[in-house]
Amino acid sequence: MMNLLYEIIKDNNLSVDKVVLVGGLAVSLYTGVEISKDVDFALVLDDYQKIQAMDEWGIKTKKYEWGSVDFLNPKNYVSKKHNGNEFITYVKQHRSFKKSETGELYIAKPEVVFYTRMVVPTWEGYITKCLRDLNVGLLKKKPEIIKGMKAIADVFGTRNIIDHRTEILNQYIESYFH
């Protein structure tokens, strides 16, 4: 899988130090449990512009014979007072990890994955993915994930959005796990 990720980066003329793997595959790599094979990369703005695909809601999807890859516009994750590149830099410096088998690739921690899902206009569609991820090993880390989401929101001026949506997500979590 790692070779495939590096191949995607190379084939799209991207730089490994300007992308962050987010989404279900990032959670899979964090937990060590295969949850998802969905490939989602958050990119710096210049690299996002390089992707030759239609932009839908700040996502450019490229199809491959084995599946598809979503390239995410980082401006989706910050208030208008910030630019998206700040988001990528912050995640790389404070909210990502690397494993020996992933080499130089930055992998978002679960709080980033949950944050990116909950801050976008289509957030309600991601609640089931959050529940799935909690169910496969992250439930004990829920307080840490929620705290991390709010800390990210504080940095990027989206706390009012995240607070409201986290309340709703918590209601789903309570009903699903109790």
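First, a word on what this report is: a plain description of the structure on this page.

Definitions and cut-offs
Residues numbered from 1 in each chain as written. Predicted model: local features only at pLDDT ≥ 70, side-chain atom pairs only at ≥ 80, totals over all residues. Heavy atoms only, no water. Phe/Tyr/Trp six-rings, centres within 6.5 Å; stacked < 30°, edge-to-face > 60°. Helix = DSSP H or I, 4+ residues; strand = E, 2+ residues; numbered from the N terminus. Buried < 20%, exposed > 50% of the residue type's maximum accessible area, 1.4 Å probe, protein only. Pairing = 2+ DSSP bridges. Contact = heavy atoms within 4.5 Å. Axes fitted to C-alpha atoms, helices over the stretch in contact; angles between N-to-C directions. Parallel < 35°, antiparallel > 145°, perpendicular 65-115°, else oblique. Nonpolar A, V, L, I, M, F, W, Y, C, P; charged D, E, K, R; others polar. Salt bridge = Lys/Arg side-chain N within 4 Å of Asp/Glu carboxyl O.

## Examining the packing of aromatic side chains
Here is step 1 of the chain: Here the structure, examined in full by the defined rule, presents eight aromatic pairs.
Here is step 2 of the chain: On the basis of an interplanar angle of 25° and a centroid distance of 6.0 Å, the ring pair of F87 and Y115 is categorised as stacked. Remark: Y115 occurs in helix 5 (residues 110-119) and F87 occurs in helix 4 (residues 84-94); sequence separation between them is 28 residues. Each member of the pair F87 and Y115 is classed as buried.
Here is step 3 of the chain: Measuring from centroid to centroid gives 5.4 Å for Y90 and F156, while their planes differ by 85°, and the two rings are edge-to-face. Here the residue Y90 occupies a position in helix 4, and F156 occupies one in helix 7 (residues 142-156), the gap between them amounting to 66 residues.

## Re the pairing of strand 2 (residues 39-43)
Here is step 1 of the chain: The buried count for strand 2 comes to five of five residues, which makes it a mostly enclosed element.
Here is step 2 of the chain: Going residue by residue along strand 2, you find V39, F41 and L43 tucked away on one face and D40 and A42 tucked away on the opposite face as well.
Here is step 3 of the chain: Relative to strand 2, strand 1 (residues 19-22) is paired through four bridges, and the arrangement is antiparallel. Looking at strand 2, one finds that V20 is bridged to A42.
Here is step 4 of the chain: Relative to strand 5 (residues 67-72), strand 2 runs parallel, the two sharing four bridges. From the neighbouring strand, V39 faces strand 5, where its bridge partner is V69.

## Let's talk about the sheet that holds strand 3 (residues 55-56)
Here is step 1 of the chain: Spatial ordering of the open sheet is given by 3-4-5-2-1-7-6, a layout of seven strands whose pairing is mixed. Each edge of the sheet is formed by a strand with only one pairing partner; in this case those strands are strand 3 and strand 6 (96-97).
Here is step 2 of the chain: Sheet strands in contact with helix 2 (residues 24-31) are strand 1, strand 2, strand 6 and strand 7 (106-108), and its direction is about 80° off that of strand 1.

## With respect to the packing of helix 5 against helix 8 (residues 159-177)
Here is step 1 of the chain: At their nearest, the axes of helix 5 and helix 8 sit 10 Å apart, and the two run at 100° to each other. Taken together, helix 5 and helix 8 sit at an angle that is classed as roughly perpendicular. Only I161, I162, R165 and L169 of helix 8 make contact with helix 5, whose side of the interface consists of F114, Y115, M118 and V119.
Here is step 2 of the chain: Looking at the contact of helix 5 with helix 8 residue by residue, the class counts come to seven nonpolar, no polar and one charged.

## Focus: the pattern of salt bridges
Here is step 1 of the chain: According to the stated counting rule, one finds 10 salt bridges in the structure shown.
Here is step 2 of the chain: K37 is paired through a salt bridge with E34; the nearest N and O atoms lie 3.7 Å apart.
Here is step 3 of the chain: Close ionic contact of D133 with R132 constitutes a salt bridge, the shortest N to O distance being 2.9 Å.
Here is step 4 of the chain: Its relative accessible area of 0% is what places D133 among the buried residues.
Here is step 5 of the chain: Each member of the salt-bridge network shares a partner with another, and the members are K150, D154, R159 and D163.

Read these as spatial facts, not as claims about activity.
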